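# Inside the fold
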Amino acid sequence: MAWEKEIEACRRVSRKAGKLALEYAARGVERQDKADDSPVTEADRACEELIVSELGKAFPEDGFLGEEGVNDPGWSGRRWIIDPVDGTRDFLRGLPTWSNLIALEADGEVVLGVCNLVAQGNLYWAVRGEGAWVNKTPIRVSSVDRRDRAILTLTAFTDLAPTPLADRMVEYMAGYWAVRSMGGCQDAILVASGRAEAWIELNAKPWDLAPLMLVAEEAGCRFFNFDGGHSIHGGNCVICAPFLEDELRELVRPARSPGVPSPSSLRTKPVRGSGT
């Protein structure tokens, strides 16, 4: 397997960070608010420190980009992209839909990634060209091919109102068998593992998307940004079963985030300085 040493280290460190997060949850954590009003806890910071420390020892020339502030370009042309607790609101409320997310970007391309849904005991992972897995079992996109039998997931309905999608989504959602909103990593994994057919993410950072994009694509899903690009740096995304790609591209196209560069111009080079 390509990247065998790296994916083994990634899975090991992800499990170790997950155990640490559970220890924090067991004794209780308090919410703090960041400048953008998103929550953060001691667990977020401690888990990011652990992940950076462990991977830094294993791969000392690699760089790091993490949600809680680490931003080190390294010297190798590779960097680890980290969200130590994706779904901090769920983590704070005791919901099992949070994860840690770790991906490796090499020369601007995500080559491996892990989404560890810690409280569920399921570690989803992928290596480019090697398929997608949950623990030791392969996963695959759904075989559903009708929208009226499909499940749509949409992260953060609270972010929908100010977007051009607001007036279009109610009618569009009505054509689905069901609509769910369980949080970014959980929603994406539902699609990647064949239990839903589409995920719309309105507002995301690279550390939210890096491993999810790879896991989904290796499972046979489509990934694209609202403007049609293909980048974890695009600020938003859709992950879907192939039969929904054309109509979802048309649905989200008017909702391109203002001020976001074309993702196609960002795909081949890492973005530095975006970790805060």
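Residues numbered from 1 in each chain as written. Predicted model: local features only at pLDDT ≥ 70, side-chain atom pairs only at ≥ 80, totals over all residues. Heavy atoms only, no water.

This part is about the confidence of the model for the protein. Mean pLDDT over the protein stands at 90; residues scoring 70 or higher make up 91%. Confidence over residues 257-276 falls short of pLDDT 50; this stretch has 41 contacts with residues more than four positions distant or in other chains. (pLDDT = per-residue confidence, 0-100. Contact = heavy atoms within 4.5 Å.)

Turning our eyes to something else, we now look at the environment of serine 231. Relative to the assigned elements, serine 231 resides in the loop between strand E14 (222-224) and strand E15 (237-240). The class for serine 231 is buried, based on a relative accessible area of 3%. Placed 126 residues apart in sequence, serine 231 and glutamate 105 show a C-alpha to C-alpha distance of 12 Å. (Helix = DSSP H or I, 4+ residues; strand = E, 2+ residues; numbered from the N terminus. Buried < 20%, exposed > 50% of the residue type's maximum accessible area, 1.4 Å probe, protein only.)

With that settled, the discussion passes to the environment of glycine 113. By secondary structure assignment, the location of glycine 113 is in strand E7 (residues 109-117). Among the residues examined, glycine 113 registers a relative accessible area of 0% and is labelled buried.

Read across the open sheet, the five strands follow the order E12-E11-E13-E15-E14; overall the sheet is mixed. Of all the strands in the sheet, just strand E12 (178-180) and E14 have a single pairing partner and so form its edges. Averaged over all pairs of adjacent strands, the angle between their axes in this sheet comes to 15°, without regard to strand direction. Here strand E13 (residues 198-201) pairs with E15 via four bridges, running antiparallel. The residue bridging alanine 198 from the neighbouring strand is cysteine 240, located in E15. (Pairing = 2+ DSSP bridges. Axes fitted to C-alpha atoms, helices over the stretch in contact; angles between N-to-C directions.)

This part covers the pairing of strand E8 (residues 122-127). Buried residues dominate E8, accounting for five of its six residues. Pairing geometry for E7 and E8, over six bridges, is antiparallel. Pairing of asparagine 116 across the sheet is with leucine 123, part of E8. If you look at the hairpin formed by E7 and E8, you'll find four residues sitting between the two strands, and glycine 121 has a positive phi there, around 75°. Judged from the three bridges that link them, E8 and strand E9 (residues 132-134) form a sheet pairing that is antiparallel. Bridge pairing in E9 links tyrosine 124 to valine 134. Counted along the chain from E8 to the antiparallel partner E9, the turn is four residues long, and its residue glycine 129 has a positive phi close to 85°.

The relative placement of two packed helices comes down to the angle between their axes together with the axis-to-axis distance. Following both chains from N to C, one finds helix H1 (residues 4-27) and helix H2 (residues 42-58) inclined at 155°, their axes separated by 9 Å at the closest point. In terms of axis orientation, H1 runs roughly antiparallel to H2. Relative to H2, H1 is oriented so that their crossing is right-handed. Along the contact surface, H1 presents Lys5, Ala9, Cys10, Arg12, Val13, Lys16, Ala17, Leu20, Ala21 and Tyr24, while H2 presents Glu42, Ala43, Ala46, Cys47, Leu50, Ile51, Glu54, Leu55 and Ala58. Residue composition of the contact of H1 with H2, by class: 14 nonpolar, no polar and five charged. (Parallel < 35°, antiparallel > 145°, perpendicular 65-115°, else oblique. Left-handed = near helix turned anticlockwise from the far one by under 90°. Nonpolar A, V, L, I, M, F, W, Y, C, P; charged D, E, K, R; others polar.)

It is worth spelling out the sheet that holds E9 at this point. The strand order across the open sheet formed by eight strands is E4-E3-E5-E6-E7-E8-E9-E10, and the pairing between neighbours is mixed. If you trace the sheet from one side to the other, it starts and ends with strand E4 (71-72) and strand E10 (137-138), each paired once. Strands in contact with helix H6 (residues 206-218) are strand E3 (63-66), strand E5 (78-86), strand E6 (99-106), E7, E8 and E9; relative to E7, the strand with the most contacts, it is inclined by about 95°.

A complete count under the given rule lists 14 salt bridges for this structure. The partner of arginine 78 in a salt bridge is aspartate 62, with the nearest N and O atoms 2.8 Å apart. Of the two residues, arginine 78 is situated in strand E5 and aspartate 62 in the loop between H2 and E3; the sequence distance between them amounts to 16 residues. We note that arginine 78, like aspartate 62, is buried. Arginine 249 is the salt-bridge partner of glutamate 245, the closest N and O atoms lying 3.0 Å from each other. In this pair, glutamate 245 and arginine 249 both sit in helix H7 (residues 245-252), four residues apart, roughly one turn of the helix. Residues joined by salt bridges that share partners form a network here, namely Glu6, Asp62 and Arg78. (Salt bridge = Lys/Arg side-chain N within 4 Å of Asp/Glu carboxyl O.)

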